[in-house]
Amino acid sequence: MGATVSTTAFHREESDEPHKSRRSAILAKHPEIKELYGPDIRTFPVILMIIAAQVSMAVFAATALHDQPWKYFLLAYTLGGTLT
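Everything numeric here is computed off the predicted structure, so don't read it as measured data. (Residues numbered from 1 in each chain as written. Predicted model: local features only at pLDDT ≥ 70, side-chain atom pairs only at ≥ 80, totals over all residues. Heavy atoms only, no water.)

Student: I'm lost on the overall build of the protein chain in this one. Help?
Tutor: Per the secondary structure count, the protein chain includes three helices and zero strands. N-terminal to C-terminal, the α/β element order of the protein chain is α-α-α. When each of the 84 residues of the protein chain is scored for burial, the buried share is 7%. Split by element, the accessible area of the protein chain, about 7,900 Å² in all, is 65% carbon and sulfur. (Helix = DSSP H or I, 4+ residues; strand = E, 2+ residues; numbered from the N terminus. Buried < 20%, exposed > 50% of the residue type's maximum accessible area, 1.4 Å probe, protein only. Areas by Shrake-Rupley, 256 points an atom, 1.4 Å probe, with all protein chains shown as cover.)

Student: What is the right way to look at the packing of helix α2 (residues 43-64) against helix α3 (residues 69-83) in this model?
Tutor: Two quantities define a packed helix pair, namely the angle between the axes and the distance from one axis to the other. The N-to-C vectors of α2 and α3 enclose an angle of 175°; their axes lie 11 Å apart at closest approach. If you check the angle between α2 and α3, you find them roughly antiparallel. Residues Ile50, Ala53, Gln54, Met57, Phe60 and Ala61 of α2 pack against Tyr72, Leu75, Leu79, Gly80 and Leu83 of α3. Considered class by class, the residues forming the contact of α2 with α3 number nine nonpolar, two polar and no charged. (Axes fitted to C-alpha atoms, helices over the stretch in contact; angles between N-to-C directions. Parallel < 35°, antiparallel > 145°, perpendicular 65-115°, else oblique. Contact = heavy atoms within 4.5 Å. Nonpolar A, V, L, I, M, F, W, Y, C, P; charged D, E, K, R; others polar.)

Student: Where do I start with the pattern of salt bridges in this structure?
Tutor: Two side chains that carry opposite charge are able to pair once their charged atoms sit near each other. Considering all chains together, one arrives at one salt bridge under this definition. Between Arg42 and Asp40 there is a salt bridge, and its shortest N-O distance comes to 3.0 Å. (Salt bridge = Lys/Arg side-chain N within 4 Å of Asp/Glu carboxyl O.)

Student: Is there a simple way to explain the environment of Gln54 in this structure?
Tutor: For Gln54, the location among the structural elements is in helix α2. Look at Gln54 and you get partly exposed, because its relative accessible area is 26%. Along the chain, Gln54 and Leu79 lie 25 residues apart, while their C-alpha atoms are 8.4 Å from each other.

Student: Just checking my understanding: could you explain the packing of aromatic side chains for this structure?
Tutor: How two aromatic rings sit relative to each other is set out by the distance from centre to centre and by the angle between their planes. Applying the stated rule across the entire model yields one aromatic pair. Ring centres of Tyr72 and Phe73 lie 5.6 Å apart, and the angle between their planes is 80°; this geometry places the pair in the edge-to-face category. Judged by its relative accessible area of 55%, Phe73 falls in the exposed class. (Phe/Tyr/Trp six-rings, centres within 6.5 Å; stacked < 30°, edge-to-face > 60°.)

Spelled out as structure tokens, the structure:
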């Protein structure tokens, strides 16, 4: 506690968009990287499983935990926060 932060530890980029210029430089050296652009269909089943788990937890919490709010909030905090 009490340590001072120096701005000399940071690197300031003078261009407007450093990501765009870096992307252009990488694509100029390695044009095959452009084939990797686009959506990844492998994430679709994972997203569906996460949605199904959250909906099933909501149904469970609404039916079984309606009289115990501390368990409801514990479930929402631990599992709901982890899944999202």
